[in-house]
Amino acid sequence: LVDGLNSGGSTNWEDALFRTFRTSTGNPSAPMPELVVFFTDGMPTRDRTQTRSDTASTDMAVPLDTRFTRDASYSPPLSNISPRAWFRAEQVVARSDDVRIIGVGVGT
C-alpha cells in the first residue's frame, strides 16, 4: 500500500490533523489517540477554510495570530509555506491534550 501512495497539489496539515482528533461533524474522536505518526510530503500550503474533507465548522475558538492574517510585511521562513495554514494546524494540535505526535517528512 505504501508503494502505491503518490502526492501532488497542495498540502493541508490542518485537515489531516483535524480529522485525526475530530469526527466529520467536528465532535471529539473517541477514544483520543495517544500517539500519532504524521507523514507529510511538504509544508502546509492550504488550510481548512480553503479545502476540507468534512462538514464541520472551520471557525477556531481563538482568533488567528494577526501577523498571519493582516501583516503584509510578514514573510515566512520558507517560500513554500502558508503561515496561516501552519498556524491553524498548530492550533489543532495545541487543543489535543496529551497526544504525542511524531512528524515524518517523505519525498523530495
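Right above here is the structure, for reference.
Below is a short write-up of the structure. (Residues numbered from 1 in each chain as written. Predicted model: local features only at pLDDT ≥ 70, side-chain atom pairs only at ≥ 80, totals over all residues. Heavy atoms only, no water.)

## Topic: the packing of helix α1 (residues 13–21) against helix α3 (residues 83–94)
No. 1: Interaxial distance between α1 and α3 falls to 8 Å at its minimum, and their mutual angle equals 15°. Our classification of the angle between α1 and α3 gives roughly parallel. Along this stretch, α1 crosses α3, giving a crossing that reads as left-handed. Here Trp13, Glu14, Leu17, Phe18 and Phe21 of α1 lie close against α3, whose contacting residues are Trp86, Arg88, Ala89, Val92 and Val93.
No. 2: Class assignment of the residues belonging to the contact of α1 with α3 gives a composition of eight nonpolar, no polar and two charged. (Axes fitted to C-alpha atoms, helices over the stretch in contact; angles between N-to-C directions. Helix = DSSP H or I, 4+ residues; strand = E, 2+ residues; numbered from the N terminus. Parallel < 35°, antiparallel > 145°, perpendicular 65-115°, else oblique. Left-handed = near helix turned anticlockwise from the far one by under 90°. Contact = heavy atoms within 4.5 Å. Nonpolar A, V, L, I, M, F, W, Y, C, P; charged D, E, K, R; others polar.)

## Some words on the pattern of salt bridges
No. 1: Taken as a whole and judged by the stated rule, the model has three salt bridges.
No. 2: What you see here is one network of salt bridges that share partners, running through Glu14, Asp47 and Arg88. (Salt bridge = Lys/Arg side-chain N within 4 Å of Asp/Glu carboxyl O.)

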